[in-house]
Each structure stands twice: as C-alpha cells, then as structure tokens.
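Chains, contacts and geometry: an overview
Single-letter residue listing:
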Amino acid sequence: MKTVFLYLLLFLAHTTVIWAQNLSFASHNSHASHDYIGINPTPETVAQYLSQKLPHTHNKHIIWTNTLVQHQSFADYYTFEQQYEGQKLYSSHLKITIDKKGYVVWINDNSFAVNEVRLPAPARLSTTEWDTEYLQDFLAQKKAIEKMREKVCLLDDKQQLHFAYLIYAQDQHEVANVTAYLFAENGRLYHSQDVGHYNHCQQQSTAALATAMVFDPDPLTTAQKVYGQNNQYKDRNDQDATELNAQRHQVDIEVTEENGIYWLKNDFIEIKELGSEPNIAPVQSSIPNFDYLRSNDAFEDVNAYYHANVVRNYVNSLGFENMTNQKLFIDTHALNGEDQSKYVFYGFDRHLYFGEGGVDDAEDADVVVHEYGHYLSDLACPGCNTDCGSNSERSALDEALCDYLATSYSRRNYDFNWENMFSWDGHNEFWVGRNMDNEKHYPEDVANSYYQTSEIFSAAMIDVWEVLGYETTDKILLGALYNFTACMNLAEAAEQIMLSDQLLYDGQHEAILYQHLSGRGLLNYRRPNAGNDTTVCLGESLTLGESVIMPADAELFWSPGLTLNDSTAAYPIANPDRTTEYIVTLRNPSTNLTYTDTVVVQVDYCLTSPVDTIQLLNTDRFLKGRGDLVVSLPTNTAQATLSFYNISGQLLRVFTYENPSEYLMFNGDMMPAGVYILQVKADDVRRVFRVAKAR
Ligand SMILES: [Zn+2]
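Residues numbered from 1 in each chain as written. Predicted model: local features only at pLDDT ≥ 70, side-chain atom pairs only at ≥ 80, totals over all residues. Heavy atoms only, no water.

1. A short note on the nonpolar core
How we decide: Among the buried residues, those of types Ala, Val, Leu, Ile, Met, Phe, Trp, Tyr and Cys that are joined through side-chain atoms within 4.5 Å form a nonpolar core. Accessibility here uses a 1.4 Å probe with only protein chains present; expressed as a share of the type maximum, an area under 20% marks a residue as buried, one over 50% as exposed, and anything in between as partly exposed. Numbering of helices and strands runs from the N terminus; a helix is a DSSP stretch of H or I covering at least four residues, while a strand is a stretch of E covering at least two. Between two residues, a contact is recorded if the distance between any of their heavy atoms is within 4.5 Å.
Counting residues in hydrophobic clusters, the biggest one holds 118 residues, and the most contacted among them are Ile 253, Phe 290, Phe 457 and Leu 517. A per-element tally of this core places helix α5 (residues 297–317) first, with 10 residues. When near neighbours in sequence (up to four residues on either side) are disregarded, Leu 517 contacts Ala 460, Met 461, Ala 494, Ile 497, Met 498, Leu 522 and Leu 523. By size, the runner-up hydrophobic cluster in this structure holds 19 residues, among which are Leu 664, Tyr 676, Leu 678 and Val 691.

2. What about the packing of aromatic side chains?
Defined as follows: The aromatic pairing rule takes the rings of Phe, Tyr and Trp, using the six-membered ring of Trp, and pairs them if the centres are within 6.5 Å, calling planes under 30 degrees apart stacked, those over 60 edge-to-face and the rest tilted. Sitting over a ring, as applied to charges here, requires NZ of Lys or CZ of Arg to be within 6 Å of the ring centre and within 35 degrees of the ring normal.
For the coordinates displayed, the defined rule picks out 23 aromatic pairs. Relative to Tyr 181, the ring of Phe 138 lies with its centre 4.9 Å away and its plane at 85 degrees, an arrangement referred to as edge-to-face. With Phe 138 in helix α2 (residues 127–142) and Tyr 181 in strand β10 (residues 178–184), the pair connects residues that are 43 residues apart, well separated along the chain. Here Phe 138 matches Tyr 181 in class, with each residue buried. The rings of Phe 622, Phe 644, Phe 655, Phe 666 and Tyr 676 are connected pair by pair, giving a single aromatic cluster. The side chain of Arg 149 reaches across the aromatic face of Tyr 165, ending 5.4 Å from its centre.

3. Regarding the pairing of strand β3 (residues 62–71)
Keep this limit in mind: Strands were regarded as paired on the criterion that DSSP finds at least two bridges between them.
Relative to strand β4 (residues 75–84), β3 runs antiparallel, the two sharing 9 bridges. Looking at the pairing, Gln 70 lines up with Tyr 77 of β4. Hairpin connection, β3 to β4: the antiparallel pair is bridged by 3 residues.

4. Quick word on the domain arrangement of the protein
As a reminder, the rule being used: Each domain's extent is set by a domain assignment, obtained either automatically or from a database. Summed over both partners, the accessible surface that disappears when two parts come together, traced with a 1.4 Å probe, is what is meant by buried area. One side-chain nitrogen of Lys or Arg within 4 Å of one carboxyl oxygen of Asp or Glu is enough to make a salt bridge. Between N or O atoms, a polar contact is any pair within 3.5 Å; within protein, one atom must be a potential hydrogen donor and the other a potential acceptor, and residues adjacent in sequence are included only when both atoms are from side chains.
As assigned here, the protein comprises domain 1 (2–19 + 119–194), domain 2 (27–111), domain 3 (207–380), domain 4 (534–604) and domain 5 (615–693). Residue-level contacts link 14 residues of domain 1 with 10 residues of domain 2. Across the domain 1/domain 2 interface, buried area totals approximately 1,200 Å², and carbon plus sulfur atoms make up 75% of it. For the pair domain 1 and domain 2, the number of links is 0 salt bridges. Remark: the boundary between domain 1 and domain 2 carries 2 residue pairs in polar contact (both at pLDDT 80 or more).

5. Considering the pattern of salt bridges
Tallied over the full model, the rule gives 20 salt bridges. Across the pair Arg 520 and Asp 463 runs a salt bridge whose closest N-O atoms are separated by 2.9 Å. Taken together, the residues span a long stretch of sequence, with Arg 520 in the loop between α11 (510–519) and β23 (534–537) and Asp 463 in helix α8 (residues 450–468) at a distance of 57 residues. What you see here is one network of salt bridges that share partners, running through Asp 235, Asp 238, Arg 294 and Glu 363.

6. Some thoughts on the sheet that holds β23
Here is the rule: Each axis is a line fitted through C-alpha atoms, taken for helices only over the stretch in contact, and angles between the N-to-C directions span 0 to 180 degrees.
Within the open sheet, the 4 strands sit side by side as β23-β28-β27-β25. Their pairing is mixed. Sheet topology places β23 and β25 (555–559) at the edges, where each strand pairs with a single neighbour. Here the strands of the sheet are splayed against their neighbours by 25 degrees on average, with no regard to which way each runs. Bridge analysis of strand β27 (residues 580–587) against strand β28 (residues 594–604) gives 8 bridges, and the strand direction is antiparallel. Pairing of Thr 580 across the sheet is with Val 601, part of β28.

7. Quick notes on the state of the cysteines
The condition that has to hold: Throughout, a disulfide means two cysteine sulfur atoms within 2.5 Å of one another.
Within the structure shown, the criterion is met by 1 disulfide. Between the sulfur atoms of Cys 381 and its disulfide mate Cys 384 the distance is 1.9 Å. In terms of burial, Cys 381 and Cys 384 fall into one category: buried.

8. Focus: the confidence of the model for the protein
Note that predicted coordinates carrying low pLDDT should not be read in detail. For the record, the criterion: For every residue, the pLDDT score states the predictor's confidence, bounded by 0 at the bottom and 100 at the top.
Confidence in the prediction for the protein averages 86 pLDDT; 92% of positions are at 70 or higher. Here strand β1 (residues 2–5) is the element of the protein with the lowest mean pLDDT, 44, and helix α9 (residues 470–481) is the one with the highest, 98. Contacts from residues 1–20, a stretch scored under 50 in pLDDT, to residues over four places away or in other chains number 93 contacts. Of the regions scoring below 50 in pLDDT, residues 196–204 engages in 36 contacts with residues more than four places distant in sequence or in other chains.

9. Digging into helix α10 (residues 490–505)
Note the cut-off: In a helix, the anticipated span is given by 1.5 Å times the number of residues less one.
Along its 16 residues, α10 runs 22 Å from first to last C-alpha, staying within 8% of the 22 Å computed at 1.5 Å per residue. Capping of α10 at its N-terminal end is provided by Asn 489; its side-chain oxygen lies 3.1 Å from the backbone amide nitrogen of Ala 491. Remark: Asp 506 follows α10 within two positions and exhibits a positive phi of approximately 60 degrees.

10. Regarding the environment of Arg 412
Examined against the element boundaries, Arg 412 turns out to sit in the loop between α7 (394–411) and β21 (420–421). Along the backbone, Arg 412 and Thr 97 are 315 residues apart, and their C-alpha atoms lie at a distance of 31 Å.

11. Focus on the pairing of strand β31 (residues 639–645)
For β31, the tally of buried residues reaches 5 of 7 residues, placing the bulk of the element in the interior. The pairing of β31 with strand β32 (residues 651–658) spans 7 bridges and is antiparallel. By the bridge assignment for β32, Ser 643 is matched with Val 654. Strand direction decides the pairing type here: β31 and strand β34 (residues 674–682), joined by 6 bridges, are antiparallel.

12. As for the sheet that holds strand β17 (residues 289–290)
Read from one edge of the open sheet, 5 strands run β16-β14-β13-β12-β17, paired in mixed fashion. Both edges of this open sheet fall to β16 (284–285) and β17, since each of them pairs with a single strand only. The pairing of strand β12 (residues 207–214) with β17 spans 2 bridges and is classified as parallel. Pairing of Thr 211 across the sheet is with Asn 289, part of β17.

13. Notes on the packing of α9 against α10
Helix-helix packing: each pair is described by the crossing angle between the helix axes and the interaxial distance. Spelled out, the test is: Angles below 35 degrees are treated as roughly parallel, those above 145 as roughly antiparallel, those between 65 and 115 as roughly perpendicular, and all remaining angles as oblique. When residue character is reported, Ala, Val, Leu, Ile, Met, Phe, Trp, Tyr, Cys and Pro are called nonpolar, Asp, Glu, Lys and Arg charged, and the others, Gly included, polar.
Contact pair α9 / α10: the axes reach a minimum separation of 8 Å and the direction vectors enclose 110 degrees. Relative to α10, the element α9 lies roughly perpendicular. From α9, Thr 472, Lys 475, Ile 476, Leu 477, Gly 479 and Ala 480 reach across to α10, where they touch Gln 496, Ile 497, Ser 500, Asp 501, Leu 504 and Tyr 505. The residue makeup of the contact of α9 with α10, split by class, is 6 nonpolar, 4 polar and 2 charged.

Structure below.
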C-alpha cells in the first residue's frame, strides 16, 4: 500500500502544469512577534494589525480578509487571505497565532507584495464568450465535465492582476480524477492541478447505537502473530479464515437510522460509494447490528467507520473539535484494485478512498488512522500541506505525523510489533510497510522518497511518546498542526513542536522534547553549551562557552553581564569577584523560542597556608562598589571587630563578630563613598588600614 495525499490549490505542486504566461505564487515568510494585540481580538482588529505590520502586502484595493478563526484553550488562530474586490488572490494565505495573554506569537505568511500591483484591465473576452466558446471546447478536448467554479484573482509575474476562474472538471470515465484549471477571465490558462473527487451531498441524520465486529487494531497485533505464521494469518484474497475471523472484536458504534434501516453515517463521517471502481454499495442493516465476516465487503465499511469515529472522538476529547468538524466521506472499495489509499478534497467536502489490492486497506486501523491524520492536518491548517519545489519536505512531514498518530493509536493498547507501521496491510508479500523504530538522523537520512524521509520525524515523535505517553505527545503534535505551513521542512516543524508545548503546557516538556528532537538532528537551534563548572582564584579571568553552534539569524546573550567583557559574544571573558552562575541564552527570532545553558564559576581566595595575620582582600572591587571587602583573620579568632574612622580620626561605625570564619565578608553597601581608616581587631591582634570606596 502506498498512501497518497492530493491537495487542492496553492503554490507549485505536482502534476501537469501548463504555463501560458508566468503565474506569481505568494512568497513564504514567517515572523515571530511579541506584539500585544489584546485578548480575544476581533478579526477586524487583527486585520488592522496585519496591515500595519506588513504594509507592503496591503493597499487601498487589496485588503486582508479573515476566512477562519480557530479558538483553542491555549491559543487563537486567525486565517486570512488577500482579496481584491471580494476575490481571493490565488495562493495568498496568512495565519496568525495569538496566545491567551493577547500577544502575537507567530505569523505564517504566504502573501504578495502589492505596492506595485497593476489593477485588472477590462477582459478582452466577455464571460459568456469565454464560457460558451472557449471553455466548452477546452473541456470537450479533455473529455471532462465542469463540476464547480470559483472566482478568484491572480497575479502574473509582471505584477498585473487578472480576474480568473478556478474550474473543477471531472473525468468523464473516472469520477475520482478531478483537475482544477485556473483561467484568467481573458481565456488564458495559467495553471492546472489534479485534485481528486468531488461530491457535496449532505444528509440529515438520526443517531442510533449499534453493535459491530471489527479488527482492533488488526488481526496480527491482537493474535500476536506475524504475517503467514504457520501458513496462517494470510490475506488469501480477502477470503474467510477461522484464525482471522476469530480476531474480530465486538464494539459499539453510533450509526444513523432512516425508516427502519441503519446506515454507517453520522454528521461527520459517512461510508459511501463515491463512484471510484469497484462500485459496491455501502452496507445497510435492518437491525442495529453490523456483524460480518472479513470476506464480506461490509466488513471493510464497518472497520473503517469504527476506527475513524474512535479517532475523531479522541481528538475532540483532547480539545481539537475544529479539526474534525467537516464532513468526511469514506469509500472502502475504491481505486480500481490498487494497493493504496488516498485522502482527497476540493470544494467543501473531504474524501477517503481505500484500495483493495493486497490486504484490503480498510481492514487495518493503521491505514484508517493514517488517512484520517491527513484530514486532521488539512482542517487544522487549510492550504498548508503543499510542497514547494523539489527540496521541500512538507509531504514527508504529513506522512510522518499520520504514521505517528496511527502508531500511537495502536501501541497504546498493544506493544506487540508496534514498530510495524501498517502491521496488517504491509510487512507481507505485498509490500514492506514502514518502520517506526529506527535510528534515522536529520538531515543525512533525507531520501528521494518522502516516505523514507518521513521515518526520521515519526520515529523522533515515538521516542517522545515513550517518555511522555500517548495523550500528552498526541496533544503536543495536534496543537502544532495549526502552525504547520506550506513549504515547511522537518526542522521547522520540530520548532513548532517546541512552540506547541510552550502554548499548551508552558514549556513543561521542553527538556524531553529537546533531547529527542535535537538527538535526531531535527532542531536547527541547539542548546548552547556554557562549558563545565569550574573554580578560579579571585582576580583570575576565564573564557566562558564551548562549541556554541549558532544559526545565522540567532541571537545570543549571557547574563549576568556585569563581570563579562562582552555579554553578546559567543565566548566572553569573565572576571567574577564572587561565585557566579552564568546563563547563556540562544534565541530563535522567528519563533521567540529560547535555549539556555548555565555554568557555575566558583571563586576562591586561594591563600595557600593557614592565615595567622590580618589581611584585607578584594579592596579594588570594594572600591568600585562591585564586591565585598574580605578580611582574613587568624585561625580560631574568638571575636573580631571592624572599626571605621573618618580621615580626621572620628569613629563612625563598629561591627563585632563572634567566632568569625577565617574570611570575614564585609558588605559595604551601607557605607557612603569616601576614604576611611579601618581598624581590624582579632582577639589581641590589631592592624590598621586605609580603605576607599568610590561608590
Ligand atoms: Zn499518507
């Protein structure tokens, strides 16, 4: 089985691209910010903020328009597009994250600079001329039927705006093949892209409870067998086998009853024949019971429906309802016998197609949850799962998060062979599946196949899962999906995992996440190394820091800075006058995330032999108001006094110490600047000094 994600819209993507003239795509930037915008701002307030923050993306004709608001308990996400006269600028997309204290934390910006834009000239063809003559000829040649159209604006590389249409056309013979064509209003074709099947019927439903028999998660995992063991546990072209049917478990499912007939559908998930071959009608039952043997086509319907609903309810229970609130249609017998599954959407509906080549894909919860993961990612950030050019790792990232979710789903109940991703559908005579327990490292193990590349990130998340458990790790990953962007690479995604923990858990799991993501090479920002704790003698200096690796745009600083020659140097020189803990901080300016390390420098007075006379130490720092005066006393002194006189011999202050240590620390903060005569008395020994304090 191979899984395929096809995505409508935005940016340069796979499949046929016909260039009649160059189309401009929005440029990708991200900005961290710590601007205060207010708690729960209105979309209008946010739009106003954006036009000030990104003035080049906004003018009196082209304005930021809000299209989606996602309120979460830990942050709010606002999605915008640039519009001209109410029409979206094709490929513009902006998402802004605002924390619950009202601060902007992140702006994911795919926008056009519009200062120089030329407004559309009147079209040479009227809409009717274009539609009836040109478009109809074009579709006839393509053997396609128009299913939907959307009016947009496009910008060409000469900064000229055009009114345009996105036409969704379906192949006359295969309904799962749909292509989007972007035509300027003057009839010129700018872009085309495969998008898949379209269907927009929605039905009202009445909920009912039914029982069903399913694999959970798959027959090999629950039987603790490997594929083909003792010549059993094999697919055998979807036939019944006692050992396989014995692995079915009884579960409850929520279904819909219509006039005494029960259907596998609810408001959000529906099993349906979507028109892709083979055409097998969805199961229906006259009693609220869906008990079928695995050879029955109904079994795949029940299995896919059950697992999709369990994941959906679980994701909702974690607080991510806005990732599951669009209707999903599932066809469990599709793709003409291919051994693959795919998630497809355009328009407003989402579709899952499961192929039947090899093991029927819908019999394996790993496949169902994986494909459902694409749906979650799509709803969390519409328009974000798009590769940009050949070096992009965005597809690998989506595969990784889907594999992670599927593994987390089955491993939370069964540890047996958990590392086999697609336990039943893969790891057999049909295909090898994927492996979640690997030592892959970024970026060396980035491969041509994005499926292979994905194993770096999914395995890293499973490493985290082993420490934090499924619920916390799932939640951190799901929270990060809102900020996954088009064109993103795996390292940028790892930063978003760190940021998600900040927003959800106040950074509580930073150390664990850091250990595993950085351990895989996935964080561009490494924790700086402040060096090993050490001891110096008073007056000596030393160089701090060891192998501080800094990305080009990083900001680095040390504190406290008072005893450093340069607190922003990678390796500053320190001259501490007392034991000091130095903190080095590396900050990523595009996410505001910081990485820190500390080093303790202990300062000793380094007197070699037992003291038998009274001495004053540290007088120069005392003079500058930067350190204590240190008075060394003979060993076993019973009582010491410090008497301060002014320069004319008048007694000012007396301090008495019983059983003082050999190094008496005198903090002179209460003494005004001046020159003093200090008499030190230790039992019957006495000495007189002149000390000064400049501030
Ligand atoms: Zn996939």
